[in-house]
Each structure stands twice: as structure tokens, then as C-alpha cells.
Amino acid sequence: KNSDIINQTAKPIRILYLIRTAAHFYRVRLIYLLQTWISLVKDDVFFTSDLLLPNISETRMILTKETCGSEAHSMNILCCKTAHDFIIYHRYLSKYDWFCHFDDDQYVNVNKLEEYLSTLDSNQPYYVGRASWSDTIKRSKEPFPYPFWFATLGAGVCLSKHSISLLEPYTQSVSAFIDGCINENYHDDIYLGFLLNGYLNISLTQNSHFHSHLEKSFYHDKQTFLRTFKNEITFGFSRPDRYPHFLPQLYQSNLDPYRIRTLHCLLNTQLKECERKIQQ
Ligand code: UDP
Ligand code: MN
């Protein structure tokens, strides 16, 4: 019996990684993810995108152009794209313990993510991420007239398989999700927080090791950054001053404009390509 317990706890958890992207971001963002963290977990990575992407199999993608229309950073379109995340999640519900959404301007430290999620029970309802604001969303309307915390999708959000199955009635149709966003006048991540808090009584488990590029202070103090970056779970990039610019430059800047490849090597020194870079 003892050995049963040991075997159970040693079983690796399975995480599905869903990346929201668009064809026009392929060369400027996605390519850096493909060269780095995605290569470590590629069998478990799926995408939502308006159009097909180079070198990515159609079976790993949900195409959104027909349903969501042309690309724009608007509330409706991003709600529409996020609604498509759930097509993938429901499809693979039996295979994965955790479902995490990331934007295409995020580096994910997959080992730290796995280490952290392993401490939580995926059979319990979890909603994990970084609180978007320093305070709750104020709300006084029915059906849930209470303030709640929500996590910004741009720092990464993870849901346990139990939460995904509880969400099914609200996420099984793309149009119902979009109508919900519009009715409540919430962006996709706020609406998701509303569904979880308001209908399912699942509150946010905050993790301050998730970071988006919206966070001003994260890249501002060199000493703190260099001391702590190996413990962080996600990193945002894509803005001129919001990327790990304190790191030494291991690649020519045209090959690694956001130092994402550098970050990847410093976090995964055992990789062949990285061993070479670090010795140089
Ligand atoms: N996005 C998209 N279509 C668009 C604009 C943005 O799918 O027309 C996606 C983008 O790929 C990213 C996310 O939405 O994953 C957030 O976009 P972005 O990082 O440009 O904006 P911000 O983080 O400032 O909200
Ligand atoms: Mn972004």
C-alpha cells in the first residue's frame, strides 16, 4: 500500500497550454516562444489564431476568423477568441489535469509552473493567476452583487480540470460566452472571473510569480530582478521597456530582441544549445 501512495504522488501532472495568437504576431512574437519554452512541452500546446500558422499542425489549432471576424484588440473579438479556448479544454478534459491560457507575449517557465501546480489538487476547483488590479472589481448588480478578484489573462491563468468541468454550461457555446461578455460589459478575463466567482463560487488563488507586461515594477530594479527571476513562473514581453533587459545578452539582438532566448538559456542551462551559449 505504501508503494501505491508513492506512485500516486510521483505521477507527473499534465498541463494543457493554450496560446492565444494571431497570424500578424507570428514573426514578432510567436517565433520566440516556438524557439524557447514551447519546444519543451510542444505535445501539450494548442493555439487559437485567426488563420493557420507556419509550421504548426492544423490539429493543434482552433481557427477563429470565420466566427470572430477580422482581428482587432476589441472586447468582442477577444471574448470571441477566449470562448474558443474552451473548445480545446472541453475536448481534452479527460487527458489533462490543468488548463492554462497564455498570451503570445509571455515566456513560461514550465518547470516552475509544473512544480507549483503539483502542490494543488486538480480535482478541486482552482482558478489561479495574478490579480489584474490592486483591488477587486466593484459590482452591485444581480445575479452576483459582490466585489470579486479576477486574474489578467495577459499574465497567464490556470484552471483545474474540476473548474473546467464546472464551467461547461457557461462555455460550451461560443455565442453564449460572447453574449455574456456583452451583457455584463466585461472584457474576457473579467467575464471569466465573474463566471467563476459569481456562478460557481470559485475565487482566485493569487500567485505573484505570474507576470504580464502591464506590471511596471517587475523590470525596474536590476538587483531584485537578477536575484529572483529563476523563481518566477511567467514573464511578459513585447513592449520596449518591459522585457528582461537586465539579463546579459547571449544572442545577437536581432535574433533575440526581447532576450527571451537568453532567459530560456539561463533557466535551462542543461540544454545543449544553452551550454554552448553560457560558456562563450
Ligand atoms: N490578440 C489577438 N488579436 C488581435 C490583438 C491581440 O488575438 O487583434 C491577442 C494577442 O495575440 C495576445 C492578446 O490578444 O495574445 C493580447 O494582445 P496584446 O498583447 O497585443 O495586448 P495587451 O496585452 O496590451 O492587452
Ligand atoms: Mn500583451
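Remember, it's a predicted structure, so these values are computed and weren't measured experimentally.

1. Some details on the overall build of the protein
Thought 1: Along the protein, the regular secondary structure elements total 12 helices and 9 strands.
Thought 2: The C-alpha atoms of the protein give a radius of gyration of 19 Å, which matches the 19 Å a tight globule of 280 residues would have.
Thought 3: Structurally, the protein occupies a C-alpha span of about 60 × 55 × 40 Å along its principal axes.
Thought 4: The proportion of buried residues among the 280 residues of the protein is 42%.
Thought 5: Within the protein, counting contacts between residues at least 6 apart in sequence, those at least 24 apart form 69% of the total.

2. Examining the sheet that holds strand 4 (residues 98–103)
Thought 1: Judged by pairing direction, the sheet is mixed, and its 7 strands sit side by side in the order 3-2-1-4-7-6-8 without closing on themselves. Bordering the open sheet on either side are strand 3 (61–63) and strand 8 (205–206), each of which pairs with just one other strand.
Thought 2: This element, helix 7 (residues 161–171), spans strand 4, strand 6 (127–129) and strand 7 (157–160) of the sheet and lies at about 85° to strand 7.

3. What to know about the pairing of strand 2 (residues 45–49)
If a strand is regular, its side chains alternate between the two faces of the sheet.
Thought 1: A large share of strand 2 lies buried, amounting to 5 of its 5 residues.
Thought 2: Sheet topology places strand 1 (residues 15–20) next to strand 2; 4 bridges connect them, and they run parallel. Note on strand 2: the bridge partner recorded for Ile-19 is Phe-47.

4. Digging into the site of ligand 1
Thought 1: In the vicinity of ligand 1, 14 residues are found, and the nearest of them are Arg-20, Ala-22, Glu-71, His-73 and Asp-103.
Thought 2: Residues that form the shell around ligand 1 fall into these classes: 4 nonpolar, 4 polar and 6 charged.

5. A short note on the UniProt feature "domain: Fringe-like glycosyltransferase" (unreviewed entry) in the protein
Thought 1: UniProt's entry tags residues 15–257 with the feature "domain: Fringe-like glycosyltransferase" (unreviewed entry), counted in the numbering of this structure.
Thought 2: The span residues 15–257 shows a helical share of 35% and a strand share of 14%, and its end C-alpha atoms are spaced 28 Å apart.

6. Points about the packing of helix 8 (residues 174–184) against helix 9 (residues 188–199)
Thought 1: Where helix 8 contacts helix 9, the axes come no closer than 10 Å and their chain directions differ by 95°. The orientation of helix 8 relative to helix 9 falls into the category roughly perpendicular. Along its contact with helix 8, which presents Gly-180, Cys-181 and Glu-184, the element helix 9 presents Asp-188, Tyr-191 and Phe-194.
Thought 2: Taken together, the residues of the contact of helix 8 with helix 9 break down into 3 nonpolar, 1 polar and 2 charged.

7. Section: the pairing of strand 1
Thought 1: When you tally the buried positions in strand 1, you get 6 out of 6 residues, the bulk of the element.
Thought 2: Of the two faces of strand 1, the one lined by Ile-15, Tyr-17 and Ile-19 and the one lined by Leu-16, Leu-18 and Arg-20 are each fully buried.
Thought 3: Examined bridge by bridge, strand 1 and strand 4 share 6 bridges and lie parallel to one another. By the bridge assignment, Ile-15 is partnered in strand 4 with Trp-98.

8. Notes on the packing of helix 5 (residues 75–91) against helix 8
Thought 1: In contact at an axis separation of 9 Å, helix 5 and helix 8 are set at 145° when each is read in the N-to-C sense. Between helix 5 and helix 8 lies a crossing of right-handed hand. Contact residues: helix 5 offers Met-75, Asn-76, Cys-79, Cys-80, Ala-83 and His-84, while helix 8 offers Val-174, Phe-177, Ile-178, Cys-181 and Ile-182.

Reading the values: the criteria
- Residues numbered from 1 in each chain as written.
- Chains lettered and ligands numbered in written order.
- Predicted model: local features only at pLDDT ≥ 70, side-chain atom pairs only at ≥ 80, totals over all residues.
- Helix = DSSP H or I, 4+ residues; strand = E, 2+ residues; numbered from the N terminus.
- Rg over C-alpha atoms; globule rule 2.2 N^0.38 Å.
- Buried ≥ 20, exposed ≤ 12 C-beta atoms within 10 Å, placed from the backbone.
- Contact = placed C-beta atoms within 7 Å.
- Pairing = 2+ DSSP bridges.
- Axes fitted to C-alpha atoms, helices over the stretch in contact; angles between N-to-C directions.
- Near = placed C-beta within 6 Å.
- Nonpolar A, V, L, I, M, F, W, Y, C, P; charged D, E, K, R; others polar.
- UniProt positions renumbered as here; feature names shortened; annotations may be inferred.
- Parallel < 35°, antiparallel > 145°, perpendicular 65-115°, else oblique.
- Left-handed = near helix turned anticlockwise from the far one by under 90°.

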